Amino acid sequence: MIEKIHLSIMREINRQGSLTAAASSLNLTQSALSHSIKKLELQSGIALWLKDGRQIRLTEAGNYLLEQANRVLPQFERIDETLRQFAGNERGSLRVGMECHPCYQWLLKVVQPFLAQSPGVDIDVKQRFQFGGMAALFNYDIDLLITPDPILKEQIMFEPVFPYELVLVVGQSNKLSALTQLEPADLADQTLLTYPVETARLDIFQQFLLPAKCMPRLHKTLEATDIILQMVAANRGVTAMPKWLALEYAQKLPVKALRLGNSGINKHIYVGYRKHEQHNTHLQTFIRLAKQQASQTTAE
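Residues numbered from 1 in each chain as written. Predicted model: local features only at pLDDT ≥ 70, side-chain atom pairs only at ≥ 80, totals over all residues. Heavy atoms only, no water.

Focus: the nonpolar core
Ranked by size, the top nonpolar core spans 59 residues in total, and within it W106, I146, L168, I204, I269 and F286 carry the most contacts. Element by element, the count of residues in this core is highest for strand β6 (residues 156-171), at 8 residues. Setting aside anything within four residues of it in sequence, one finds I269 in contact with C100, C103, W106, I146, T147, P148, E159, P160, V161, F162 and Y164. Ranked by size, the runner-up nonpolar core spans 19 residues in total, among them I13, L19, I37 and L65. (Core = buried A, V, L, I, M, F, W, Y, C linked by side-chain atoms within 4.5 Å. Buried < 20%, exposed > 50% of the residue type's maximum accessible area, 1.4 Å probe, protein only. Helix = DSSP H or I, 4+ residues; strand = E, 2+ residues; numbered from the N terminus. Contact = heavy atoms within 4.5 Å.)

Observations regarding the packing of aromatic side chains
Summed over the entire model, instances satisfying the criterion amount to 4 aromatic pairs. With centroids separated by 6.1 Å and ring planes inclined at 70 degrees, the aromatic side chains of F114 and F286 adopt a geometry described as edge-to-face. A residue pair is termed long-range when its members are at least 10 positions apart, and F114 in helix α5 (residues 104-117) and F286 in helix α10 (residues 281-299) qualify at 172 residues. Both residues of the pair, F114 and F286, belong to the buried class. (Phe/Tyr/Trp six-rings, centres within 6.5 Å; stacked < 30°, edge-to-face > 60°.)

A word on the pattern of salt bridges
Applying the stated criterion across every chain yields a total of 15 salt bridges. For D143, the salt bridge identified is with R274, shortest N-O distance 3.2 Å. Residue D143 is located in the loop between α6 (133-138) and β5 (144-147), and its partner R274 is located in strand β12 (residues 265-274); the two are separated by 131 residues in the primary sequence. Accessibility expressed as a relative area gives 11% for D143, which makes it buried. We note a salt bridge from K175 to D189, for which the minimum N-O separation is 2.6 Å. Here K175, found in the loop between β6 and β7 (181-182), pairs with D189, found in the loop between β7 and β8 (191-194); they are 14 residues apart in sequence, far enough to count as distant. (Salt bridge = Lys/Arg side-chain N within 4 Å of Asp/Glu carboxyl O.)

Overview of the side chain of T147
Looking at the element boundaries, T147 is found in strand β5. Of the residues examined, T147 reaches a relative accessible area of 0% and is grouped as buried.

Quick look at the pairing of β12
With 7 of 10 residues buried, β12 is to be regarded as a mostly interior element. In the sheet, β5 pairs with β12 via 3 bridges, with the strands oriented antiparallel. By the bridge assignment for β12, T147 is matched with Y270. Bridging between β6 and β12 involves 10 bridges; their strand directions are antiparallel. (Pairing = 2+ DSSP bridges.)

Structure (structure tokens):
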């Protein structure tokens, strides 16, 4: 029985002080305003205001309705504004899934400009998935997947955003630091430190060691990039990292980046998303900024 227009009328009458001014504020004729309230009074069986000359005096029921209008209408207005923001891509959230452990520092450089350009849009980064990144994307647990190993599916689009070379990082006191490039056999007496990822997804094994039927002396896994590179600097092992990241750490740690093989191992970071969301403004803003940051990183 109560409609939003009834509440708006009561509020405007209180604000404007007359039926004529209230009707003008609401873009109604005075007769339409009066008819709307009269209909409500007939349905509810009680008067909402009394006329005292040119003045309007609210009844007890009218004052109650005014109180409710002042409480409820701001909530409607917030809802309207939120829907407008969603429609204009000014509000929402972007959930980013990471399948590239060493790319986290690079991602942080994308997050800051994204938040600056997308007011009202929150961002969250997820690195652990119960069934893997692709499953998380299919199940709508994430909106974007950052990975060096895209799995092509009809419903998913992948865009390359960041080329990089995978290198071996060694401590400056390691005997391998005297070399400029490595062969698989050079790792036979080394401890290889990697992230806790299955061997089938580690390029150092799949593209370098296993094709040559070579293995390191020992393989250990660690989760944190900082700890891995501290271990490498202390000559407790060697690790494979993107060259750009290795060069960043070489400025503050005694480590050196070495090419793997004659041609090196060249990779790309991809951003994957659901095909039907390819025109989503948040996604495209993130991808554009990711490509810009990639250009700056490679230029450095």
